[in-house]
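The residues making up each chain are set out below.
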Amino acid sequence: MQSSSSAQAGPQLTLTLDSAVALALRVATPVQQGQFSSAIAGTELTRGYGALLPSVSVGGARTVLTGNTLVGSRALVPWDTRFETMGYQLSTSLNLLGGLTAYPAIKSAEYTRNAYDLSLERTRQSVALDVSEAYLQTVLDSQLVAIARQNSAVSQQRVDQLQELVKVGKRAPADLYRSQAQASADESAVYDAVNRQRADQIALLQRLHIDPQRPVSLPAPALDTTNVDQRYLDTLALVSEALQRRSDFQATQSEVDATRWGIRRASNEALPTLSVGFTLFSTGRVFDRALQDGVNQITTTQSPLADQVGEQGTTILSVGLGYNFFDLFRSRLDAQEARVAYSSAELTASDVQRQVAGDVARGISEYGVAVQRLASTASGLASAQAAYDLVSGRFEVGFSSIVDLLTAQVALFQARSLRAQAVIQLSLAKRALAYAVGLTPTDSLR
């Protein structure tokens, strides 16, 4: 059943850390939503330029009128008439003061689009960090599974040895029972580690929009455990650099600028309109008939409609000044709303500035702890290995009890697990510090 599910899910996929991050930057929902928002902001900017264009209208008509439309007070009998008219009209108008209103709207739209682009960049960095953490957590889970299985194998091997020794009377049954209990606990730890690994792997594949049932190979990357440059440990200097690099903080600054221009746009809404217009129109008419008592009253030859429309035309050049008093009321309301938006944007920018400082301070602190943990786990693993080797040798010759041996084995298992965690955590701490500064988490801190 398991092999059938794997076959349906597809062939095995090999994902490195770099390829997983690259895939996430293409398919992650937050990134795609950010791209949509940026595209919409670009459309709004284009719409702002449209306010500078003149209005143009073109119309044409052809009518046929039939009946007694020419009946007058002097007519003794009704007329029977039929005539056709055809014409066109081209009109254009440009508000000379429209640029005063359109320019602030265009600037506001430019800053808004810039804010969305910067937010998209920060979203990419967030996705890269999130996938890196998920990938490295899965790699750590694999290492912990290997350590747990090795520990379980040692416990089972000891059980097998003690069973033989108990049979020949060289060891007490109590030693065997304690060893069997420890072997069962170690086997249960393997199951727990495998379950955690599978759960974290599924979470990673969900981030990458990959079927969780598809077999995936996640090779462990080469982890950089070298120390970062000392300039990345100066909180004040690093905060200053982060404020220049962090795209989320720059996005809030662009949003402040956008709302500032929004105030000017709202204030200019009350300006009058000064329009220059040009109109060109032409109309032709042809009388088909005008009968009175059955006698056609039209005896002259008429030009065709197309010729009349093509040969004659009228042009009108106009200049108009208009003002809508209700625009003043609307402008004041819009300006008041824009000032509130501006104050809100400034408040958000201040919060993000404080967040940047907190992220940098926290990143430096976590990195320092990770460095210390790496050093302590190295010495702890060496001590635990030496203690286990010593107690194991003493146990073989009967100078140490099974309790001492099991205690040393548990200490060695914990030391190995802590060492694996420390190596991964240092790599994650460096990536988190790069993210706090405003760099892509895959960049090196040099």
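Residues numbered from 1 in each chain as written. Predicted model: local features only at pLDDT ≥ 70, side-chain atom pairs only at ≥ 80, totals over all residues. Heavy atoms only, no water.

### Quick notes on the overall build of the protein
Logical step 1: Within the protein, the secondary structure is distributed over 10 helices and seven strands.
Logical step 2: Based on the C-alpha atoms only, the size of the protein along its principal axes is roughly 145 × 60 × 35 Å.
Logical step 3: The burial tally for the protein puts 35% of its 446 residues in the buried class.
Logical step 4: Counting only contacts in the protein whose residues sit at least 6 apart along the sequence, the fraction spanning at least 24 positions is 83%. (Helix = DSSP H or I, 4+ residues; strand = E, 2+ residues; numbered from the N terminus. Buried < 20%, exposed > 50% of the residue type's maximum accessible area, 1.4 Å probe, protein only. Contact = heavy atoms within 4.5 Å.)

### Remarks on the pattern of salt bridges
Logical step 1: Per the counting criterion, the structure on display carries 15 salt bridges.
Logical step 2: When the shortest N-O distance is used, the salt bridge between Asp-224 and Lys-430 registers 3.0 Å. A residue pair is termed long-range when its members are at least 10 positions apart, and Asp-224 in the loop between strand E4 (216-217) and helix H6 (235-245) and Lys-430 in helix H10 (residues 402-437) qualify at 206 residues.
Logical step 3: What makes Asp-224 partly exposed here is its relative accessible area of 35%. (Salt bridge = Lys/Arg side-chain N within 4 Å of Asp/Glu carboxyl O.)

### Remarks on the packing of aromatic side chains
Logical step 1: A full pass over the atoms with the stated rule returns two aromatic pairs.
Logical step 2: With centroids separated by 5.5 Å and ring planes inclined at 85°, the aromatic side chains of Tyr-103 and Trp-261 adopt a geometry described as edge-to-face. A residue pair is termed long-range when its members are at least 10 positions apart, and Tyr-103 in helix H4 (residues 98-167) and Trp-261 in helix H7 (residues 247-267) qualify at 158 residues.
Logical step 3: Relative accessible area serves as the criterion here: at 45%, Tyr-103 is assigned to the partly exposed category.
Logical step 4: Each ring, one from Tyr-323 and one from Phe-325, has its centre 5.2 Å from the other, and the planes form 85°; the classification is edge-to-face. (Phe/Tyr/Trp six-rings, centres within 6.5 Å; stacked < 30°, edge-to-face > 60°.)

### Focus on the confidence of the model for the protein
Logical step 1: When the pLDDT values of the protein are averaged, the result is 87; 93% of them are 70 or greater.
Logical step 2: The element-level mean pLDDT for the protein is lowest in helix H1 (residues 2-9), coming to 46, with helix H5 (residues 173-207) highest at 94.
Logical step 3: Below pLDDT 50 for its whole length, residues 1-7 participates in two contacts with residues either more than four positions away or in separate chains. (pLDDT = per-residue confidence, 0-100.)

### Brief notes about the environment of Leu-25
Logical step 1: Mapped onto the secondary structure, Leu-25 falls in helix H2 (residues 17-27).
Logical step 2: Placed 364 residues apart in sequence, Leu-25 and Asp-389 show a C-alpha to C-alpha distance of 48 Å.
Logical step 3: In this structure Leu-25 touches Val-31, Arg-124, Val-127 and Ala-128, once residues within four positions along its chain are discounted.

### Section: the nonpolar core
Logical step 1: Counting 29 residues, the largest nonpolar core has Val-131, Tyr-135, Leu-204 and Leu-208 as its most contacted members.
Logical step 2: Elements supplying a minimum of two residues to this core: H2, H4, H5 and H10.
Logical step 3: No other element matches H4, which puts 11 residues into this core.
Logical step 4: Those residues within four positions of Leu-204 in sequence are excluded, and the remaining contacts are Val-131, Ala-134, Tyr-135, Thr-138 and Leu-218. (Core = buried A, V, L, I, M, F, W, Y, C linked by side-chain atoms within 4.5 Å.)

### Description of the side chain of Thr-85
Logical step 1: If you trace the backbone, Thr-85 turns up in strand E3 (residues 79-95).
Logical step 2: At 2.2 Å, the side chain of Thr-85 forms a polar contact with the side chain of Thr-63.
Logical step 3: Ignoring sequence-local partners within four residues, the contact set of Thr-85 consists of Ala-61, Arg-62, Thr-63, Gly-284, Arg-285 and Leu-305. (Polar contact = N/O pair within 3.5 Å; in protein donor to acceptor, adjacent residues only side chain to side chain.)

### Things to note about H10
Logical step 1: The end-to-end C-alpha distance of H10 is 52 Å, a good match for the 52 Å that 36 residues give at a rise of 1.5 Å each.
Logical step 2: At the exit of H10 stands Gly-438, carrying a positive phi of roughly 110°. (Expected span 1.5 Å × (residues − 1).)

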